Amino acid sequence: MKIPYLISIQVGLPKYLGVENSHDLNDRRWSTGFFKDPVEEAVWLGKTNLDGDGQADLRYHGGPEKAVLAYAVQHYPTWQVALNQSELLYGAFGENFTVAEMTETSVCIGDTYEIGTACIQVSQPRQPCWKISRRWQIKDLALQVQKTGKTGWYFRVLKEGYVKREQFFVLCDRPFPQWTIALANDIMHHQINDREASAELAACPLLASNWQQTLSNRATKGINLDPKPRLFGVD
């Protein structure tokens, strides 16, 4: 079994793009922390983000449950074709960690890893939003990412420390091997009428609280949030 490792680290602060009041929705002014640059040296990983990183919309991004976004390098060939980009730079999906030997089918909620001097724990899948589509000028790209399950996932930080590219992820604990990121994605986005499955996943104590709440509302009240604003924006 190959040991997962960190291929690349990316950080970036929010910035504004586009033109105010443009008639073209794709050109309208918007703020995003999506654009990130590689970091070669060791970087401090704090409780809410990497040093030098930030999010534009803190209501839906960032915070203790979403301190670091990871994305599998294995998915890049697929998106090279879909985006018609023969060479995609790491961070093309807004991720902080581009990782090898880890995918949504092999990573589980609650997985705890040591990397560098830090300790991190998988908290939830990434729910793709319209900013991925705006970045690549493909209207349904966020939906494509969701449908394929190639979403990436978030880590919470249990112990702050320094991390550096090419370091290994050392698995310390896997308390919920049944709850892969892939299965969590499937329940959230495809098994929307399966209240029992939603209740079971919601009961996972290491799942991020916002996912627990969404799934609990579905299981107990039959409430399903409309994904269109997240996937396509409100314009």
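This structure is a prediction, so every number in the text was calculated from the model and none was measured. (Residues numbered from 1 in each chain as written. Predicted model: local features only at pLDDT ≥ 70, side-chain atom pairs only at ≥ 80, totals over all residues. Heavy atoms only, no water.)

## Side note on the packing of aromatic side chains
Applying the stated criterion across every chain, the model contains 13 aromatic pairs. Relative to Phe 155, the ring of Phe 97 lies with its centre 6.5 Å away and its plane at 50 degrees, an arrangement referred to as tilted. Here the residue Phe 97 occupies a position in strand E7 (residues 97-100), and Phe 155 occupies one in strand E10 (residues 153-159), the gap between them amounting to 58 residues. There is no split in this pair, since Phe 97 and Phe 155 are both buried. An aromatic cluster is built from Tyr 71, Tyr 76, Trp 79, Tyr 90 and Phe 93, whose rings are joined through pairwise contacts. Stacked on the ring of Trp 136, the Lys or Arg Arg 135 has its end atom at 3.9 Å from the ring centre. (Phe/Tyr/Trp six-rings, centres within 6.5 Å; stacked < 30°, edge-to-face > 60°. Helix = DSSP H or I, 4+ residues; strand = E, 2+ residues; numbered from the N terminus. Buried < 20%, exposed > 50% of the residue type's maximum accessible area, 1.4 Å probe, protein only. Lys NZ or Arg CZ within 6 Å of the ring centre and 35° of its normal.)

## Points about the state of the cysteines
Considering all chains together, one arrives at zero disulfides under this definition. In this structure Cys 119 is a free cysteine whose sulfur lies 5.4 Å from that of Cys 172, the closest cysteine sulfur available. Here Cys 119 falls in the buried class, since its relative accessible area comes to 14%. (Disulfide = S-S within 2.5 Å.)

## Focus on the sheet that holds strand E12 (residues 170-173)
Read from one edge of the open sheet, eight strands run E4-E1-E7-E6-E10-E9-E8-E12, paired in mixed fashion. Each edge of the open sheet is held by one strand with a lone partner, namely strand E4 (37-38) and E12. As paired elements, strand E9 (residues 118-125) and E10 share six bridges and run antiparallel to each other. What sits directly across from Cys 119, in E10, is Lys 159. (Pairing = 2+ DSSP bridges.)

## Observations regarding the pattern of salt bridges
Where charged atoms from two side chains of opposite charge approach closely, those side chains can pair. Taken as a whole and judged by the stated rule, the model has five salt bridges. Between Arg 174 and Asp 111 there is a salt bridge, with the nearest N and O atoms lying 2.7 Å from each other. On the criterion of sequence distance, the pair formed by Arg 174 in the loop between E12 and helix H4 (181-189) and Asp 111 in the loop between E7 and strand E8 (112-115) is long-range, its members being 63 residues apart. You can call Arg 174 partly exposed: its relative accessible area is 32%. It is possible to trace a salt-bridge network through shared partners that takes in Glu 40, Arg 165 and Glu 166. (Salt bridge = Lys/Arg side-chain N within 4 Å of Asp/Glu carboxyl O.)

## Overview of the packing of H4 against helix H6 (residues 209-221)
Packing of H4 against H6 brings their axes to within 11 Å, and their N-to-C directions diverge by 45 degrees. Viewed along their axes, H4 and H6 adopt a mutual orientation that is oblique. Crossing of H4 over H6 shows left-handed handedness. From H4, Ala 184, Asn 185, Ile 187 and Met 188 reach across to H6, where they touch Trp 211, Thr 214, Leu 215 and Arg 218. Residue classes in the contact of H4 with H6 are distributed as five nonpolar, two polar and one charged. (Axes fitted to C-alpha atoms, helices over the stretch in contact; angles between N-to-C directions. Parallel < 35°, antiparallel > 145°, perpendicular 65-115°, else oblique. Left-handed = near helix turned anticlockwise from the far one by under 90°. Contact = heavy atoms within 4.5 Å. Nonpolar A, V, L, I, M, F, W, Y, C, P; charged D, E, K, R; others polar.)

## Concerning the pairing of strand E6 (residues 68-72)
Among the five residues that make up E6, five are buried, leaving the element largely enclosed by the rest of the structure. By the alternation rule, side chains of E6 split into Val 68, Ala 70 and Ala 72 and Leu 69 and Tyr 71, which are all buried. Relative to E7, E6 runs parallel, the two sharing three bridges. Directly across from Ala 72, in E7, lies its bridge partner Val 99. In this region the chain leaves E6, passes through helix H1 (residues 76-82) and returns to the parallel neighbour E7; the handedness of that crossover is right-handed. (Right-handed = clockwise from strand over helix to strand, strands pointing away.)

As far as function goes, none of this settles anything; it's purely spatial.
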